Amino acid sequence: MAVSSAPGKVYLFGEHAVVYGEPAVPCAIEVRARVGVEKRADSKLRIHAEDLSLDGFTVEYGGTADGPPDVDVQESLLDAAMGYVDSAIEQVRDVTGEDQVGFDVTIESDIPLGAGLGSSAAVAVAAIDAGTRELGTTLETDELAERAYQTEYEVQGGQASRADTFCSATGGAVRVEGDDCRSLDAPDLPIVVGFDGGAGDTGKLVAGVRSLREEYEFAADTVESIGDIVRNGEQALAADDIEEIGRLMDFNHGLLSALGVSSRSLDSMVWAARNAGAHGAKLTGAGGGGCIVALDPTDETETALSYTPGCEDTFRAELAETGVERLE
Ligand code: MEV
């Protein structure tokens, strides 16, 4: 069996707009998905998953990609998770040319599904890395990121950027603009995450922004303005100017709200963080529900979030310096 892990991420700036060619800056954090892949004697795919949420409930299922798993979590989330694994395994078969090979896949993840922390990208990166290594091929990081991007692209119906998968494969803070993906020097940021216990449907949220953008010129302008915020954010990151980074995160949240991807609980958590003295706060990822990211070196934001109705969990996140890790 080969086992790999890959980190989740938060977006400091630029989600959604990155789908339309604007730059984005996601940052890998130390919450990980670990995927074990073992070759089977037949051509079946069996997936076993545990700990698919931060609050520690365990999801266990054993099934095939063809049969519905017997578990008590939102079916759309499970379908999505199965879709990513299925598609990642297709990439493994494609890279290695072994198109009839079957696998037992085991997933353990600290990253809540669909909550904006990059669970699908982390699972795709770790599954492709472990699957290819199980068949004797070790991919370079760039190819791994590209293959994981293809996985997301397919599952999300052709609406995905390279940001999540590149960040998860390489670790650290990265800058992505179209096909151009690179690592950034980032200051050690005091990242606090708030999680409302929910999730958003990335495909639907991305499609919603797309149609707004087509319908209203001001929505297209909003997407471009997010790009401007990202460019300012890069300068603030380079200058280690945490107050300015936070201020720009606040702007970024406002524009994401205008594009309709925030929610009442995300807004409540953002305001709780700001009122507690955070340098800035915004939703992270596709939105609709899930997580916010705030910057606060003190304990105030975590304390405030823990008392905020609608916030189910809050924690401090460390930057993940490394992306994919080969464990076995
Ligand atoms: C989702 O984590 C981030 C989005 O920008 C979609 C993408 O980049 O593929 C909303």
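Rules used in this analysis
One numbering rule holds for all chains: residues counted from 1, following each sequence as written. Residue-level local features of this predicted model are given only where pLDDT is at least 70; pairs of side-chain atoms are given and counted only at 80 or more, and the full residue set underlies all totals for whole chains, interfaces and linings. Heavy atoms throughout the structure, all of them, feed into the side-chain values; hydrogens and water do not. Strands here are runs of E lasting at least two residues and helices are runs of H or I lasting at least four, both read from the DSSP assignment and numbered beginning at the N terminus. We compute the radius of gyration from the C-alpha atoms alone; for a globule the expected value is 2.2 Å times N to the 0.38, where N is the number of residues. Using a 1.4 Å probe on the protein chains alone, a residue whose accessible area is under 20% of its type maximum counts as buried, one over 50% counts as exposed, and one in between counts as partly exposed. The contact criterion used is simple: two residues touch if any of their non-hydrogen atoms lie within 4.5 Å. Charge counting follows a simple rule: Lys and Arg are positive, Asp and Glu are negative, and His as well as the terminal groups are ignored. Working definition for charges: the position is that of NZ of Lys, CZ of Arg, CG of Asp or CD of Glu. Near residues are defined by distance, with any heavy atom within 4 Å of the molecule or strand qualifying the residue. Any pair of nitrogen or oxygen atoms within 3.5 Å is treated as a polar contact; in protein, a donor-acceptor pairing is required on top of that, and neighbouring residues in sequence qualify only through side-chain atoms on both sides. All accessible-area figures derive from a Shrake-Rupley calculation using a 1.4 Å probe, and residue coverage is judged against the displayed protein chains alone. In this document the domain limits rely on a domain assignment from an automatic tool or a database. A pairing counts as a salt bridge when a side-chain nitrogen of Lys or Arg comes within 4 Å of a carboxyl oxygen of Asp or Glu. By definition, two strands form a pair when at least two bridges between them are found by DSSP. Interaxial angles span 0 to 180 degrees and are taken between N-to-C directions of axes, which are lines fitted to C-alpha atoms, for helices over the stretch in contact. Think of a 1 Å grid over the protein atoms and nothing else: a 1.4 Å probe that fits but is trapped marks a cavity, an open set flanked by protein within 12 Å on at least five of seven lines marks a pocket, and residues with an atom within 4 Å of a point count as lining. Grid points are joined across faces, edges and corners, and a volume is the space filled by probe spheres set on the points. In short, buried area is how much 1.4 Å probe accessible area vanishes from two parts on joining, totalled over both.

Chemist: I keep staring at the overall build of the chain and nothing clicks. Help me out?
Modeler: Looking only at helices and strands, the chain features 9 helices and 12 strands. Its C-alpha atoms give the chain a radius of gyration of 19 Å, within 12% of the compact-globule value 20 Å for 328 residues. Counting every position in the chain, which comprises 328 residues, the buried fraction comes to 54%. For the chain, the proportion of contacts with a sequence separation of at least 24, taken over those separated by at least 6, is 73%. The chain carries 23 positive and 61 negative side-chain charges, and their two centres are separated by 3 Å.

Chemist: Any chance you could explain the site of the ligand here in plain terms?
Modeler: Neighbouring residues of the ligand: 13 residues in total, closest His16, Val18, Ala160, Ser161 and Asp164. One of the backbone N or O atoms of His16 is found 2.9 Å from an oxygen atom in the ligand. For the ligand, the protein covers 95% of the area, taking 290 Å² as the surface of the free molecule. Mapping the shell around the ligand onto the domain boundaries places at least three of its residues in each of domain 1 (2-184) and domain 2 (191-317).

Chemist: When you look at the pattern of salt bridges in this model, what are you seeing that I'm missing?
Modeler: A side chain with one charge can pair with a side chain of the opposite charge if their charged atoms come near. Applying the stated criterion across every chain, the model contains 24 salt bridges. Residue Glu90 is joined to Arg93 by a salt bridge in which the shortest nitrogen-to-oxygen separation is 2.9 Å. Linking Glu90 with Arg93, this pair stays in helix H1 (residues 75-96), spanning 3 residues, or about one helical turn. Owing to a relative accessible area of 42%, Glu90 belongs among the partly exposed residues under this scheme. Through salt bridges that share partners, Glu22, Asp228 and Arg231 make up one connected network.

Chemist: Sorry if this is basic, but what is going on with the pairing of strand S1 (residues 2-13) here?
Modeler: Every regular strand shows the same layout, with side chains that alternate between the two sheet faces. For S1, the tally of buried residues reaches 12 of 12 residues, placing the bulk of the element in the interior. Looking at chain direction, S1 and strand S2 (residues 25-39) are connected through 11 bridges and run antiparallel. Across the sheet, residue Val10 finds its bridge partner in S2, namely Cys27. With 2 bridges connecting them, S1 and strand S12 (residues 325-326) associate as antiparallel partners. Its bridge partner being in S12, Ser4 is matched across the sheet by Arg326.

Chemist: Would you mind showing me how to read the sheet that holds strand S10 (residues 291-295) here?
Modeler: Within a beta sheet, neighbouring strands are joined by backbone hydrogen bonds and run either parallel or antiparallel to one another. What the 4 strands build is an open sheet, ordered S9-S10-S8-S11; its pairing is antiparallel. Pairing within the sheet leaves two strands with one partner each, and these edge strands are strand S9 (280-283) and strand S11 (313-317). Averaged over all pairs of adjacent strands, the angle between their axes in this sheet comes to 20°, without regard to strand direction. Looking at chain direction, S9 and S10 are connected through 4 bridges and run antiparallel. Bridging from a neighbouring strand, Leu283 pairs with Ile292 of S10. The sheet contacts of helix H7 (residues 242-258) involve S9 and S10, and relative to S9 the element is tilted by about 35°.

Chemist: Just checking my understanding: could you explain empty space enclosed by the protein for this structure?
Modeler: Using a probe with the size of a water molecule, rolled over the atoms, empty space left in the structure can be pinpointed. On inspection of all chains with the given rule, the structure shows 1 cavity of 30 Å³ or more. The volume enclosed by the largest cavity comes to roughly 30 Å³. Around the largest cavity, the lining residues are Cys27, Pro187, Asp188, Leu189, Ile191 and Leu319.

Chemist: I'm lost on unusual backbone geometry in this one. Help?
Modeler: Most of the time, phi is negative for any residue but glycine, and the peptide bond is trans. At His16, a residue that is not glycine, the phi angle is positive and equals roughly 70°. Checked against the element boundaries, His16 lands in the loop between S1 and S2. Overall, the relative accessible area of 5% leaves His16 in the buried class. Phi angles above zero are rare outside glycine, and Asp240 is one such case at about 60°. By the secondary structure assignment, Asp240 is in the loop between helix H6 (217-238) and H7.

Chemist: Just checking my understanding: could you explain the side chain of Arg133 for this structure?
Modeler: Inspection of the secondary structure assignment puts Arg133 in helix H2 (residues 119-134). By relative accessible area, Arg133 is classed as buried at 18%. Among the polar contacts listed, one links the side chain of Arg133 to the backbone oxygen of Glu328, at a separation of 2.9 Å.

Chemist: Help me understand the domain arrangement of the chain, please; the structure alone is not making it clear to me.
Modeler: Bring the parts together and some accessible area is lost; that lost area is often taken as the interface size. Splitting the chain by domain gives domain 1 (2-184) and domain 2 (191-317). Here the C-alpha centroids of domain 1 and domain 2 sit 23 Å apart. With 33 residues of domain 1 at the interface, the matching set in domain 2 holds 43 residues. Of the roughly 2900 Å² buried at the junction of domain 1 and domain 2 (both faces included), carbon and sulfur atoms supply 67%. Run the count over domain 1 and domain 2 and you get 3 salt bridges. Lys282 serves as the salt-bridge partner of Glu15, at 2.8 Å between the closest nitrogen and oxygen. On the surface where domain 1 and domain 2 come into contact, there are 13 residue pairs in polar contact (both at pLDDT 80 or more). Put simply, the parts of the chain that give the side of domain 1 that touches domain 2 at least two residues each are S1, S2 and strand S6 (173-177). Counting residues per element, the side of domain 1 that touches domain 2 draws most heavily on S1, at 5 residues.

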